[in-house]
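Inside the fold
Here's the letter readout for the chains.
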There are 2 protein chains.
Amino acid sequence: MTNVERFLNQVRQSSLGMKRLVVVAPHDEATLLAVEHARKELSIDAVLVGEEEKIVAAAELAGVCLMPYDVVATYGDSAAADCAVRLIAEGKGQVLMKGLIDTSILLKALLKKEYDLRTGRLLSHVALLLPPQGHGYYLLTDAGMNISPSLYDKQQIIENAVDIAHALGNDNPNVALLCAKEKAYDKMPATLDAVELQALNLAGDITGCTVSGPLQLDLAVSAQAAMMKGCKDPVAGNVDIFVAPTIEVGNVFGKALKYMGGYVYAGVVVGAKIPVVLVSRADSEQEKLLSIAMACVCTTSIPMEAGRMMPEMESA
Amino acid sequence: MTNVERFLNQVRQSSLGMKRLVVVAPHDEATLLAVEHARKELSIDAVLVGEEEKIVAAAELAGVCLMPYDVVATYGDSAAADCAVRLIAEGKGQVLMKGLIDTSILLKALLKKEYDLRTGRLLSHVALLLPPQGHGYYLLTDAGMNISPSLYDKQQIIENAVDIAHALGNDNPNVALLCAKEKAYDKMPATLDAVELQALNLAGDITGCTVSGPLQLDLAVSAQAAMMKGCKDPVAGNVDIFVAPTIEVGNVFGKALKYMGGYVYAGVVVGAKIPVVLVSRADSEQEKLLSIAMACVCTTSIPMEAGRMMPEMESA
């Protein structure tokens with residue numbers, strides 16, 4: 001069994017049963033194929049919201065039969081997004097999925113007060129990284145959404161990722177705050193944030209995980225490197241969640257492993273009451289399936305809190 | 001033949017013959033073993049500068065015979081650094097190598113006006129990345145020295161790396177300016193610098209290479225991703241040199257490939273008239289050998305220019 005199959009099995013066992021995707025503007029073959037694949041592999045259900053003619057045309061091109069799906073006809077991107085989010089607000093779906101529509105339009109609808117789908121959290125991107133060999137996986141955040149998060153933003157980014165780790169069955173994930181140095185250094189602001197965040201974890205203000213930093217990547221992943229550098233940190237050599245100091249670090253890190261290291265890469269946007277799946281044409285079928293699976297798992301654990309503004313948005 | 005052997009053969013063929021290392025404070029086994037390995041594998045010569053008793057003790061522990069080496073006895077780290085740099089200024093060596101001494105002490109000596117070893121360039125770190133399978137290599141800069149380089153710093157960082165690519169036989173390397181977005185975006189300063197640097201290259205102010213950016217990593221390395229995203233950039237899918245916007249990006253990128261992707265990682269500090277080898281205990285013997293080989297190649301091409309201040313220094 002491959003690492004990917006093992007992960008998908010784990011997801012299937014965690015009561016995916018009744019999950020329903022609400023797909024916004026599935027006007028392209030790639031989105032419909034991903035949904036169809038997820039329906040067959042993960043036994044999920046889906047509602048397709050968008051322009052009926054475009055959905056029908058894309059389904060024909062993709063060779064996907066629309067019979068198993070509810071199709072809700074809307075006109076225009078904003079209307080599709082609003083309709084989809086309303087369906088979710090009414091309990092008619094648990095996961096939002098982006099089709100051929102701008103991410104910003106989708107998230108704007110998701111965060112409208114009237115739908116009450118906000119939590120107290122910032123929205124953030126969490127990537128899943130599966131090594132080509134061996135067991136297990138890593139989470140990486142934020143590789144696609146928050147550009148240059150503040151200390152408070154980073155706290156919420158950590159909390160969002162820790163919730164996913166919990167949903168995936170890891171009760172106390174190890175969180176590494178990636179930096180280019182092992183100690184506080186005033187010319188590297190990321191190291192100062194890392195010291196603060198570790199202190200917040202020790203003080204009980206960030207819970208359900210062990211936070212450590214500043215850490216260089218070698219110490220986070222390699223027990224041998226940690227030993228040679230005399231580093232006895234509990235997270236060293238045993239990391240579950242990588243926290244990048246900026247979007248450039250997260251983006252380059254995730255893409256290095258995907259395009260140069262053979263890792264499988266999936267991702268989801270969390271922080272609202274429901275997760276959002278954003279798959280791109282360049283993702284493999286396997287990666288799209290994993291992104292949907294990951295989102296379905298997230299619906300079991302995302303906490304409900306009070307309103308919060310929209311973050312700066314970037315596409316992953 | 002492995003990719004590493006192929007690279008070393010290329011180095012051996014590029015007239016390494018008469019190269020001489022000047023090693024500062026080789027007071028530890030690891031440094032002496034690396035020098036001995038390089039002497040046997042690359043036919044280079046070395047002068048050992050430092051405290052004689054410590055050198056002799058380390059040589060005994062390492063099982064290295066000191067007969068083939070000149071040993072110059074000094075007392076204290078600053079004296080060792082000064083003596084080594086003076087030997088180089090007098091033409092008695094072409095590569096400086098750091099032993100058990102602070103990088104800052106070594107570089108301070110190197111940049112003293114009296115030795116006339118400065119060029120007009122910023123010092124910068126250039127890493128060599130060899131994929132575990134296949135042919136070829138990448139250069140990555142700056143993963144270990146300049147924290148948050150300005151536009152002008154980045155220009156010099158590029159020029160330093162391009163000189164190395166030339167020395168390695170690549171007459172016109174493709175340079176990718178890594179960002180988290182493909183176009184200029186005012187909330188991501190790295191994208192604005194990238195636009196400027198590409199323009200400087202087109203205007204003939206950065207020569208001997210093709211500079212492109214802003215580029216995400218997937219487009220830089222994957223012709224397929226570039227095609228799917230409709231990107232027709234000449235560097236896309238065909239990169240030789242990665243330029244990181246900050247030290248965090250470069251550091252995490254290089255370490256991800258080394259510790260999670262199985263790449264072989266070597267590196268050298270360039271920008272002075274002679275290159276500096278900094279190997280760490282955590283490097284493999286192969287990696288240390290490659291770092292020394294890379295530095296020896298660099299001595300054929302580093303340009304000579306007028307004085308320039310010292311950069312902010314970080315250890316790789």
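Residues numbered from 1 in each chain as written. Chains lettered and ligands numbered in written order. Predicted model: local features only at pLDDT ≥ 70, side-chain atom pairs only at ≥ 80, totals over all residues. Heavy atoms only, no water.

Here we look at the UniProt feature "domain: Phosphate acetyl/butaryl transferase" (unreviewed entry) in chain A
- The UniProt feature table records "domain: Phosphate acetyl/butaryl transferase" (unreviewed entry) at residues 83-296 of chain A.
- Between the end C-alpha atoms of residues 83-296 of chain A the distance is 20 Å, and the span holds 39% helix and 18% strand. (UniProt positions renumbered as here; feature names shortened; annotations may be inferred. Helix = DSSP H or I, 4+ residues; strand = E, 2+ residues; numbered from the N terminus.)

With respect to the state of the cysteines
All names here are of chain A.
- Evaluation of the coordinates by the stated rule reveals 0 disulfides over all chains.
- Cys296 takes part in no disulfide bond, and the closest cysteine sulfur, belonging to Cys298, lies 8.9 Å away.
- The buried category is assigned to Cys296, whose relative accessible area is 1%. (Disulfide = S-S within 2.5 Å. Buried < 20%, exposed > 50% of the residue type's maximum accessible area, 1.4 Å probe, protein only.)

Some remarks on the domain arrangement of chain A
Residue and element names in this part refer to chain A.
- For chain A, the assigned domains read domain 1 (1-118) and domain 2 (120-271).
- Domain 1 and domain 2 are separated by 29 Å when their C-alpha centres are compared.
- Each partner contributes residues to the interface: domain 1 has 7 residues there, and domain 2 has 12 residues.
- Between domain 1 and domain 2 the total buried area reaches about 870 Å² when both faces are included, carbon and sulfur atoms providing 67% of it.
- Run the count over domain 1 and domain 2 and you get 0 salt bridges.
- Counting every contact that joins domain 1 to domain 2 gives 2 residue pairs in polar contact (both at pLDDT 80 or more). (Domains from an automatic or database assignment. Contact = heavy atoms within 4.5 Å. Buried area = accessible area lost by both parts, 1.4 Å probe. Salt bridge = Lys/Arg side-chain N within 4 Å of Asp/Glu carboxyl O. Polar contact = N/O pair within 3.5 Å; in protein donor to acceptor, adjacent residues only side chain to side chain.)

A short note on the relation of the copies chain B and chain A
- Mapping chain B onto chain A is achieved by rotating through 180° and translating by 0.0 Å along the same axis, at an RMSD of 0.0 Å. In short, the pair behaves as if placed about a two-fold rotation axis.
- Comparing interface residues between copies, 100% of those in chain B also lie at the interface in chain A; the contact surface is shared. (Least-squares fit on C-alpha atoms with pLDDT ≥ 70 in both.)

Here we look at the pairing of strand β8 (residues 210-215) of chain A
All names here are of chain A.
- Across the 6 residues that make up β8, a large majority, 5, are buried.
- Here strand β7 (residues 174-178) pairs with β8 via 4 bridges, running parallel. From the neighbouring strand, Ala176 faces β8, where its bridge partner is Ser212.
- Chirality of the crossover, the property in question, places the unit of β7, helix α7 (residues 189-202) and β8 among those that are right-handed. (Pairing = 2+ DSSP bridges. Right-handed = clockwise from strand over helix to strand, strands pointing away.)

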